[in-house]
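Commentary on secondary and tertiary structure
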Amino acid sequence: MTSDTLLEHYYEFSMEGETLIPFIRRVLAGDYGVPERRPILHFLDTLEAIILGNIDARFEEGPGLEADPDAVAEETRREVDEARTLVMRTLPHD
């Protein structure tokens, strides 16, 4: 399991309208191979950077959008932090 592979699986998973926490639960259950803490945490770091970058770009390209970019970014950080906590509790050691 690599962080890149997890990213590919996540993109497929999210196309079905699912969110990060259910995906992480499936990863931890072994649906995508033997779960390993480091690649999962690296995946979460990468995904967070991608999403936050997309938020910035979207709001720069489309001023006047109704959502508050800071609130959207904060919600993203909260969800990723929740996923990290779940990983650390489930896989405390490599």
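Residues numbered from 1 in each chain as written. Predicted model: local features only at pLDDT ≥ 70, side-chain atom pairs only at ≥ 80, totals over all residues. Heavy atoms only, no water.

Here the focus is the overall build of the protein chain. Across its full length, the protein chain holds four helices and zero strands. Buried positions account for 33% of the 94 residues belonging to the protein chain. (Helix = DSSP H or I, 4+ residues; strand = E, 2+ residues; numbered from the N terminus. Buried < 20%, exposed > 50% of the residue type's maximum accessible area, 1.4 Å probe, protein only.)

Let us now look at the nonpolar core. Within the largest apolar cluster, 20 residues are counted, with the highest numbers of intra-cluster contacts made by Leu20, Phe23, Ile24, Ile40, Phe43, Leu44 and Val87. For this core, the secondary structure elements donating two or more residues are α1 (3-15), α2 (20-28), α3 (37-61) and α4 (69-90). Among the elements that make up this core, the one with the highest residue count is α2 (six residues). Sequence-distant contacts of Leu20, defined by excluding residues within four places in its chain, comprise Tyr10, Phe43, Leu44, Leu47, Glu79, Val80 and Ala83. (Core = buried A, V, L, I, M, F, W, Y, C linked by side-chain atoms within 4.5 Å. Contact = heavy atoms within 4.5 Å.)

Between its first and last C-alpha atoms α1 spans 18 Å; for 13 residues at 1.5 Å apiece the expected length is 18 Å, and the two agree. Among all positions in α1, only Ser3, Leu6, Leu7, Tyr10 and Phe13 are buried. Buried residues of α1, viewed axially, fall in a sector of 125 degrees; they line one side. Counted as exposed and oriented over 90 degrees from the buried face of α1: Asp4, Glu8, Glu12 and Met15. Gly17 occupies a position one or two residues after α1 and carries a positive phi of about 85 degrees. (Expected span 1.5 Å × (residues − 1). Arc of directions from axis to C-beta.)

Another point: the packing of aromatic side chains. A complete count under the given rule lists six aromatic pairs for this structure. Ring geometry for Tyr10 against Phe23: centres 5.3 Å apart, planes inclined by 70 degrees, an arrangement best described as edge-to-face. Of this pair, Tyr10 sits in helix α1 while Phe23 sits in helix α2, and the two are 13 residues apart along the sequence. With relative accessibility at 11%, the residue Tyr10 sits in the buried group. We classify Phe23 as buried; its relative accessible area is 0%. Here Phe23 and Phe43 contribute two aromatic rings whose centre-to-centre distance is 5.6 Å and whose plane-to-plane angle is 55 degrees, an arrangement assigned as tilted. (Phe/Tyr/Trp six-rings, centres within 6.5 Å; stacked < 30°, edge-to-face > 60°.)

Turning next to the packing of α1 against α2. Put simply, α1 and α2 touch, their axes get as near as 10 Å, and they point 130 degrees apart. Comparing the axis directions of α1 and α2 gives the class oblique. You can see that α1 and α2 cross each other, and the crossing is right-handed. On the side of α1, the interface is formed by Leu6, His9, Tyr10 and Phe13, while α2 contributes Leu20, Pro22, Phe23, Arg26 and Val27. (Axes fitted to C-alpha atoms, helices over the stretch in contact; angles between N-to-C directions. Parallel < 35°, antiparallel > 145°, perpendicular 65-115°, else oblique. Left-handed = near helix turned anticlockwise from the far one by under 90°.)

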